[in-house]
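Observations on the model geometry
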Amino acid sequence: MTGVRAIDLDALKATGVDSLLLDLDNTVSPHHSTTVVPEIRDWLATLPGRGFSVCFVSNNWHDDVHERAAALGFPVVPKAGKPLPFGIRKAMRLLGSEPGACAMIGDQLFTDILGGNCAGAVTVLVEPLTHVDLPHTRVLRRLEQRIMAGRNPEA
Ligand SMILES: [Mg+2]
């Protein structure tokens, strides 16, 4: 099991986290796809029952972001501008949550993780669902590979 489903939610909960801020593209759905992997859809559906509030935080600016989030039953902050902290903080306010109780979860070091840290959240880097990326993301991926060399994101 890799990606978001590999996250130890009990361990996160034990640190006081009760709000999950999730990236969309390549974290819960393949890049620019409206399809959500059934296993991830099922995992998402368990989160409220496990005591977590959820909000998607996406840099995606396309209209379908709202539909995708609504289909999964959670709010979304689109055009979030990660790694700037403003979109992530907006999601925190939406959930009525404090930074220390939030985990920003995503597949990119230079957007999700850097942004989450700037916003004061706990951060969790996950393996991307696909290796299809926008051109500027491909540049950042090369930098990520140098920084993450030999490390497992979920470890
Ligand atoms: Mg992503």
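Before reading further, recall that the structure is shown in the block above.
Figured I'd write up the structure that's included with this text. (Residues numbered from 1 in each chain as written. Predicted model: local features only at pLDDT ≥ 70, side-chain atom pairs only at ≥ 80, totals over all residues. Heavy atoms only, no water.)

1. Concerning the overall build of the chain
On a plain count of helices and strands, the chain comes out with six helices and five strands. Computed over its C-alpha atoms, the radius of gyration of the chain comes to 14 Å, within 12% of the 15 Å expected for a compact globule of 155 residues. In terms of overall dimensions, the chain has C-alpha extents of about 35 × 30 × 30 Å along its principal axes. Put simply, the chain has 155 residues, and 46% of those count as buried. At a minimum sequence separation of 6, the contacts of the chain that also span at least 24 residues come to 63%. Carbon and sulfur atoms form 56% of the exposed surface of the chain, whose accessible area is close to 7,700 Å². Measuring between centres, the 15 positive side-chain charges of the chain sit 5 Å from its 17 negative side-chain charges. (Helix = DSSP H or I, 4+ residues; strand = E, 2+ residues; numbered from the N terminus. Rg over C-alpha atoms; globule rule 2.2 N^0.38 Å. Buried < 20%, exposed > 50% of the residue type's maximum accessible area, 1.4 Å probe, protein only. Contact = heavy atoms within 4.5 Å. Areas by Shrake-Rupley, 256 points an atom, 1.4 Å probe, with all protein chains shown as cover. Lys, Arg positive; Asp, Glu negative; His and termini not counted. Charge placed at Lys NZ, Arg CZ, Asp CG, Glu CD.)

2. Some words on the state of the cysteines
On inspection of all chains with the given rule, the structure shows zero disulfides. Free cysteine C55: the closest other cysteine sulfur is in C102, separated by 9.4 Å. Judged by relative accessible area, C55 falls into the buried class, the value being 0%. C118 forms no disulfide, and the closest cysteine sulfur to it belongs to C102, at a distance of 15 Å. (Disulfide = S-S within 2.5 Å.)

3. Let's talk about the packing of aromatic side chains
Taken as a whole and assessed by the stated rule, the structure comprises one aromatic pair. Judged by centre distance (6.0 Å) and plane angle (75°), the rings of F56 and F74 are edge-to-face. Residue F56 is found in strand β2 (residues 53–57), and its partner F74 is found in the loop between α3 (64–72) and β3 (76–77); the two are separated by 18 residues along the sequence. Taking the ring centre of F52 as reference, the NZ or CZ of K13 above it sits at 4.9 Å. (Phe/Tyr/Trp six-rings, centres within 6.5 Å; stacked < 30°, edge-to-face > 60°. Lys NZ or Arg CZ within 6 Å of the ring centre and 35° of its normal.)

4. Quick look at the side chain of K82
Position of K82 among the secondary structure elements: in the loop between β3 and α4 (86–95). Within the structure, K82 has its side chain in polar contact with the side chain of D23 (distance 3.0 Å). Side chain to side chain, K82 and D112 meet in a polar contact 2.7 Å long. For K82, the residues in contact, after removing those within four places along its chain, are D23, V57, S58, N59, I88, M104, T111 and D112. (Polar contact = N/O pair within 3.5 Å; in protein donor to acceptor, adjacent residues only side chain to side chain.)

5. Points about the nonpolar core
One finds L20, L22, L44, L47, F56 and I105 to be the most contacted residues of the largest nonpolar core, which totals 26 residues. Elements supplying a minimum of two residues to this core: α1 (9–14), β1 (19–22), α2 (38–46), β2, α3 and β4 (102–106). Leave out the neighbours within four places in its chain, and F56 touches L22, D23, L24, V28, L44, A69, L72, F74, P75, V76 and V77. Core analysis: the second largest hydrophobic core is formed by twelve residues, I88, A91, A119 and A121 among them. (Core = buried A, V, L, I, M, F, W, Y, C linked by side-chain atoms within 4.5 Å.)

6. Some words on the pairing of β1
Neither face of β1 is left uncovered, since the one carrying S19 and L21 and the one carrying L20 and L22 both have all their residues buried. When β1 meets β2, the two strands line up parallel, connected through four bridges. Bridge pairing in β2 links L21 to C55. (Pairing = 2+ DSSP bridges.)

7. Re α2
Among the residues of α2, those classed as buried are I40, W43 and L44. All buried residues of α2 fall inside an arc of 100° around its axis, so they share one side. Exposed side chains of α2 directed beyond 90 degrees from the buried face belong to P38, D42 and A45. Contact partners of the buried residues in α2: α1, β1, β2 and α3. (Arc of directions from axis to C-beta.)

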